[in-house]
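# Architecture and fold: a report
Given next are the chains, with one letter for each unit.
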Amino acid sequence: MSDSPREHGHPATEPARGAGESPGVHARVDANPEELARRTAELARKAAEFQILRRVSSDINSTLDLEEIYDVALRTMDELFEFNHANILLPEPGGETLAVVASRGYENQATGGRVRIGTGVIGVVAQKRKMLHVNNLGQQRAYAAAQRRQMMRSGRATEIGDAVPVPGLPNAESQIAIPLLIRDELIGVFSIESPVRRTFSEHDRELVTIVANQIATAIHNARLYEERRRAAEALQAANVSLEARVAERTAALERELRVAEELLSDARSRVEGPLIGESATVHALRDAIAREAARTEPLLLTGPPGAGKEAVAHAVHGASRLRGPFIFVSCPELHTQHRHVPVDSRSAIRPEGLLLASKLELASGGTLFLEAVHELPLELQPALQKMLENHASFRSGDESHVSDVRVIASTTRDVARDVQSGRLTPLFRLLSRNRIVVPALADRREDIPALVDHFVRRLARRFGRVVDGVSPEAMRRLETYMWPGNIRELRTVLERAILVSRGTVLEIDEELLDEKLAVGSYRLVSLLGSGGMGEVWLARHRLLARPAAVKLIRPDAQLGAAHDQLVRRFQREAQVTAGLRSPHTVQLYDFGVNDGGSFYYVMEFLEGLDLHQIVSRFGPQPTERVITFLRQACRSLAEAHEHGLVHRDIKPANLFVTRLGPEYDYLKVLDFGIVKNQPGQDATMLSAQGILQGTPAFMAPELVFGESRVDGRADLYSLACSAYWLLTGQLLFPASTPAEMLLHHVRTSPVPPSQVSELPVARELEAILMMCLEKDPAKRPLSALDLDSQLARVPCEPWMQDRARAWWETHAPDVVARRSF
Amino acid sequence: MRTTRLPAEIRPVLDNGVPAVMVTCSADGVPNATVLSQVYYVDETHAALSFQFFSKTIRNVRENPRAYVCVFDITGHASWALQLEFQRSETEGPIFDAMEMQIEAIASATGMSGIFKLRAADIYRVLSVERLPSPEAAS
């Protein structure tokens, strides 16, 4: 605007005007040519200003980019005022300084200069928020410098501060600084400078104010936009993060839901599984459940471990009219759980009782399930019994507090046998009035395919596997396996099979089942026989691959002191037995107590037949062969008796005949001194003093009397009974009950075998046997060795190996041909 | 031409802070001349002069309220002679603030804050205004 009429000032006669007026447009135009030219120039200047203002309004409002706004602002100010040097400064965080964000016209000045608020023209404008024009800066600085010198000369130098450099022209003569304001908020400062003195009219002030307002608004809008853009970005980022977290949480919840569904499915499977199947056994079980569900009396569930007694209890509860909860109590764990029960020291009730009482209260209107009730502490049994009898409150014993809880208990004990033997506690007598026998899986093998299908489908879904089923071979193996762990074991085996399976058809290899049937270093291979409370398994050493026979015996004793005493006795006797070296005593490899609390001992595996089987299958045996068997048994007994160990259960089933290398009819005495287990009879007992032991058919009178001092001659009596069986094929005393038979042993004189046997019996042998069968031990042979000597003197044709071999080849060729494993 | 009102064209001259010379006279007739940093336009009949260090000037004005001020129009190349009469001093208000702002701007940048400052805005009534021939025109 070098031709701007502003530089020449306005005519003195022209009144002051506002910026919005158009001077001269409505005024009278004089005929004076100079005045006309001036008016024309004024109009041109106004038009130019209008164009600039219109353009700046358009340009500055068409962008939200700060750099573009600065550029438009600097260019516009330059076009309007031609100061040629301009700065735009914005407040810095903290509010104490301004920083140059854009500049124009300075050769050596980049943006980034800084001004303290309150210092210099710009700083004072920022502080006062008013426009300031100074056009005699040089004089002002000179005046201030003169004052400085004057003060220094007058000794007031300490009052003077340091000069503060400010961005801009060092030799500026004129400077205008305009605050950029939005509703009193300082947006920044626009500063223009000139090295020469420049006037700045009221019109210029108004003009620059208009432009400054435009700049302030544009900067403010751009910054708002930027802030909102950043906020939007932050919001978007937060949304993305939130969405990710929601998705993550959703996924976690879905996983938890799946796990919960699996657990529910698993729980249902545990409950429903045992009742699956169409066998007659399961139908009978379902009928029993329906019958018991309609009753309220206590119910006792018996059956082997893992057979599904808890599931049956759930089924009874579910089918009943009870609407209360089903409360589970593990009786073996009462000992450990009661530690968490607050105890009132004044109360006579033990912590276990308090815990049981609290469970009873929880079960109000529902069912209290006492798992393994045979392990309920003895001291709690009377209180529970009283509650069951009178429906009284367990805690107070007050019969006015009628209990509305249905009690269902479970046990693995053979209650039927205990009933017969009269060994039940009063509580058990009460509980056993209503019983359901939950069958072992081995007793319902026809249900195995349905159970396998049920568990495989549920477990496969739980583990996220695709399983079509089990292979025919695997199914055959599952159907023939003994399942000592019952349904629980079946489920575990299938679970493992699914986890290790690589295909869709499950294979159940032998190892998978073997692993479940291991005692010590031996894997159980197949069940050889079972009865009473014991089982005998063919086993194999894990490393040596040596065949062995493992006998498992479930102790008939509760956990606690009695069990511990039993274990110690078992260990002691096993150690003594292991010390026997007679080749006619079965060799003991190992013994112990497994995780289930069962005793086991591992002995050499023998191929052959016991004397009970031989006579049962092939009839009485000739004298010479009987003598051969008896003499071998005597050698075994002689060593044992020498160690003070009385067998107490000599009988044909414990006299096993095998082939030892080339030698046939090699006899081994089994079950030496450890545990007496008589298959087919409910008389499995440990050899504790004062307890009736042995098998009634072969029991010496002194054992019947329960005498405390029993010696090896009791075994000689039993051996003679066994010989009687061998020679005649009949028991010494036929009787209909064990008690009657025992009475015969005490009172009745035996009939000589020669009068009973269909085979001839050597007279000398008969005499020896009758001596052994004397009621008074003192009248029997002195010892096993004595008996052996007497037998050796019986005149008869010797039982030679070729006859023995011929016998085996004729009667049991498979045994002769078979090699263990 | 002499007038008793400040003409419109003198306003930008005053607002732009053109340096001025002020002459006062003591009661006993001794004159004193000094340089003014600001002559502020108040209205057509009043102007404000900055009171900073002029102890002699102030004393003279207190004794003899008459003052003579000469201002220069650097763009119009004209000078103006103002005869004034002291009326009052203001230490606050819009006139004081406007004058103080400029002084503070210079003082703060030259290390003279607190020293080089406006002490008061002295308000004078305009007795006469006369435009003088410019030096260039005179020569």
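Please read all numbers here as calculations on a predicted model, not as lab measurements.

Here we take up the overall build of chain A. Along its length, chain A carries 26 helices and 24 strands. Relative to its full complement of 821 residues, chain A shows a buried share of 38%. Within chain A, contacts between residues separated by at least 24 positions form 68% of all contacts whose residues are at least 6 apart in sequence.

Take the overall build of chain B next. Per the secondary structure count, chain B includes four helices and eight strands. Scanning chain B from its N terminus toward the C terminus, one meets helices and strands in the order β-α-β-β-β-β-α-β-β-α-β-α. Counting only residues that meet the buried cut, chain B has 41% of its 139 residues in that class. Long-range contacts, defined as pairs at least 24 residues apart, comprise 72% of the intrachain contacts of chain B with a sequence gap of at least 6.

The next subject is unusual backbone geometry. Residue and element names in this part refer to chain A. Even without a glycine there, the phi angle at arginine 183 is positive, about 45°. By secondary structure assignment, the location of arginine 183 is in the loop between β5 (174–182) and β6 (185–194). Residue arginine 183 is classed as exposed on the basis of its 6 C-beta neighbours within 10 Å. For aspartate 184, which is not glycine, the phi torsion reads 70° and is therefore positive. In this structure, aspartate 184 sits in the loop between β5 and β6.

All names here are of chain A. Strand order in the open sheet made by the three strands is β20-β21-β22, with antiparallel pairing throughout. The outermost strands of the open sheet, each flanked by one partner alone, are β20 (608–610) and β22 (663–669). Strand-to-strand twist of the sheet, defined as the mean angle between neighbouring strand axes without regard to direction, takes the value 25°. Where strand β21 (residues 655–660) lies against β22, five bridges are found, and the strand directions are antiparallel. Pairing of leucine 655 across the sheet is with valine 669, part of β22. In this fold helix α19 (residues 623–642) packs onto β21 and β22, with an angle of close to 45° to the strand it touches most, β22.

Next up on the list: the packing of helix α13 (residues 448–463) of chain A against helix α15 (residues 486–500) of chain A. Residues and elements named next belong to chain A. With their axes 10 Å apart at the nearest point, α13 and α15 run at an angle of 45° to one another. Judged by the inter-axis angle, α13 sits oblique to α15. The handedness of the crossing between α13 and α15 is right-handed. Together, Leu451, Val452, Phe455, Val456, Leu459, Ala460 and Phe463 of α13 and Ile487, Leu490, Arg491, Leu494, Glu495, Ile498 and Leu499 of α15 make up the contact between the two elements. Class assignment for the residues of the contact of α13 with α15 results in twelve nonpolar, no polar and two charged.

Let's shift gears to the pairing of strand β5 (residues 46–51) of chain B. Residue and element names in this part refer to chain B. In this sheet, β5 lies alongside strand β4 (residues 39–43) in antiparallel orientation, the contact comprising four bridges. Among the inter-strand pairings, valine 39 is bridged to a residue of β5, identified as leucine 49. Hairpin remark: β4 followed by β5, antiparallel, with two residues in the connecting loop. In this sheet, strand β8 (residues 120–132) lies alongside β5 in antiparallel orientation, the contact comprising six bridges. Of the residues in β8, the one forming a bridge with alanine 47 is tyrosine 124.

Attention shifts here to the pairing of strand β9 (residues 367–371) of chain A. On a regular strand, one side chain projects to one face of the sheet and the next to the other, so that they alternate. Residues and elements named next belong to chain A. β9 sits mainly inside the fold: five of its five residues count as buried. Bridge count for strand β8 (residues 326–330) against β9 is five bridges, and the pairing is parallel. Counted as the bridge partner of isoleucine 327 is leucine 368 from β9. Pairing of β9 with strand β10 (residues 406–411), which is carried by four bridges, proceeds in the parallel orientation. Considered in β10, the bridge of leucine 368 is made with valine 407.

All names here are of chain A. In the contact formed by α19 and helix α21 (residues 713–728), the axes pass within 11 Å of each other and the chain directions differ by 160°. Our classification of the angle between α19 and α21 gives roughly antiparallel. In this structure, α19 crosses over α21, and the sense of that crossing is right-handed. Together, Val626, Phe629, Leu630, Ala633 and Leu637 of α19 and Asp715, Leu719, Ala723, Leu726 and Leu727 of α21 make up the contact between the two elements. Split by residue class, the contact of α19 with α21 holds nine nonpolar, no polar and one charged.

All names here are of chain A. Looking at where alanine 409 falls in the secondary structure, it is placed in strand β10. As a C-alpha pair, alanine 409 and phenylalanine 328 span 81 residues in sequence and 9.9 Å in three-dimensional space. Those residues in contact with alanine 409 that lie beyond four places of it in its chain are Pro298, Leu300, Leu370, Val373 and Leu431.

Right, let's get into the confidence of the model for chain A. Residue and element names in this part refer to chain A. For chain A, the average pLDDT comes to 80, and 81% of its residues sit at 70 or higher. Contacts from residues 1–27, a stretch scored under 50 in pLDDT, to residues over four places away or in other chains number 34 contacts. Note on residues 395–402: pLDDT is under 50 here. Beyond four places in sequence and across chains, it has eleven contacts.

All names here are of chain A. A sheet is described by the order of its strands in space; here five strands give the open sequence β8-β9-β10-β7-β11, paired in parallel fashion. Strands at the two margins of the open sheet, each flanked by one partner only, are β8 and β11 (435–437). Averaged over all pairs of adjacent strands, the angle between their axes in this sheet comes to 20°, without regard to strand direction. Across three bridges, the pairing between strand β7 (residues 299–302) and β11 is parallel. Following the sheet pairing, leucine 300 is matched in β11 by arginine 435.

Okay, the nonpolar core next. Ranked by size, the top nonpolar core spans 79 residues in total, and within it Ala73(A), Ile122(A), Val189(A), Ile215(A) and Ala47(B) carry the most contacts. Apart from the residues lying within four places of it in its own chain, the contact partners of Ile215(A) are Ile60(A), Ala73(A), Leu180(A) and Phe190(A). Judged by nonpolar contacts, the second largest core, of 76 residues, contains Ile553(A), Met603(A), Leu727(A) and Met741(A).

Moving on, we come to the confidence of the model for chain B. All names here are of chain B. With 87% of its residues at a pLDDT of 70 or more, chain B shows a mean pLDDT of 83. By mean pLDDT, the top-scoring element of chain B is β8 (91), and the lowest-scoring one is helix α4 (residues 135–138) (49). Two numbers describe this predicted complex: its pTM, 0.41, and its ipTM, 0.80.

Attention shifts here to the environment of Val746(A). Residues and elements named next belong to chain A. Positionally, valine 746 belongs in helix α22 (residues 738–747). A C-alpha to C-alpha distance of 8.2 Å links valine 746 and glutamate 702, two positions 44 residues apart in sequence. What valine 746 contacts, discounting residues up to four positions off in sequence, is Pro701 and Val704.

To continue, consider α13(A). All names here are of chain A. Here α13 is 16 residues long and its end C-alpha atoms lie 22 Å apart, about the 22 Å a rise of 1.5 Å per residue gives. When we look at burial in α13, the residues that qualify are Ile448, Leu451, Val452, Phe455, Val456, Arg458 and Leu459. One or two positions beyond α13, positive phi appears at glycine 464, with a value near 65°.

The next thing to look at is the environment of Val756(A). Residue and element names in this part refer to chain A. Assignment of secondary structure puts valine 756 in the loop between α22 and α23 (763–772). Spatially, the C-alpha atom of valine 756 lies 8.8 Å from that of glycine 729, the residues being 27 residues apart in sequence. Beyond its immediate stretch of four places on either side in the chain, valine 756 contacts Thr728, Gln730 and Val751.

Reading the values: the criteria
Along every chain, residues carry numbers that run from 1 in the direction the sequence is written. Labels are handed out in written order, letters beginning with A for the chains and numbers beginning with 1 for the ligands. Local features in a predicted model are, by the rule used here, given only for residues with pLDDT of at least 70; side-chain atom pairs are given and counted only at 80 or more, and totals for whole chains, interfaces and linings are based on all residues. In this description a helix means any DSSP run of H or I spanning at least four residues, a strand means any run of E spanning at least two, and both kinds are numbered starting from the N terminus. Counting other C-beta atoms within 10 Å of a residue's C-beta gives its exposure: the residue is buried at 20 or more, exposed at 12 or fewer, and partly exposed in between, where C-beta atoms are placed from the backbone. Two residues qualify as a contact pair if the distance between their C-beta atoms, derived from the backbone, is within 7 Å. Between any two strands, at least two bridges found by DSSP are needed for them to pair. Under this scheme, a helix contributes an axis fitted over its contacting stretch, all axes are lines through C-alpha atoms, and angles between N-to-C directions fall in the 0 to 180 degree range. Our angle categories are set so that under 35 degrees counts as roughly parallel, over 145 as roughly antiparallel, 65 to 115 as roughly perpendicular, and the remainder as oblique. Left-handed describes a crossing in which the near helix is turned anticlockwise from the far one by less than a right angle; the clockwise case is right-handed. Each residue gets one of three labels, nonpolar for Ala, Val, Leu, Ile, Met, Phe, Trp, Tyr, Cys and Pro, charged for Asp, Glu, Lys and Arg, and polar for the others, Gly among them. pLDDT is a per-residue confidence score from the predictor, ranging from 0 to 100. As used here, a nonpolar core is made of buried Ala, Val, Leu, Ile, Met, Phe, Trp, Tyr and Cys residues. They are joined through C-beta atoms within 7 Å. How far a helix is expected to stretch is found by multiplying one less than its residue total by 1.5 Å.

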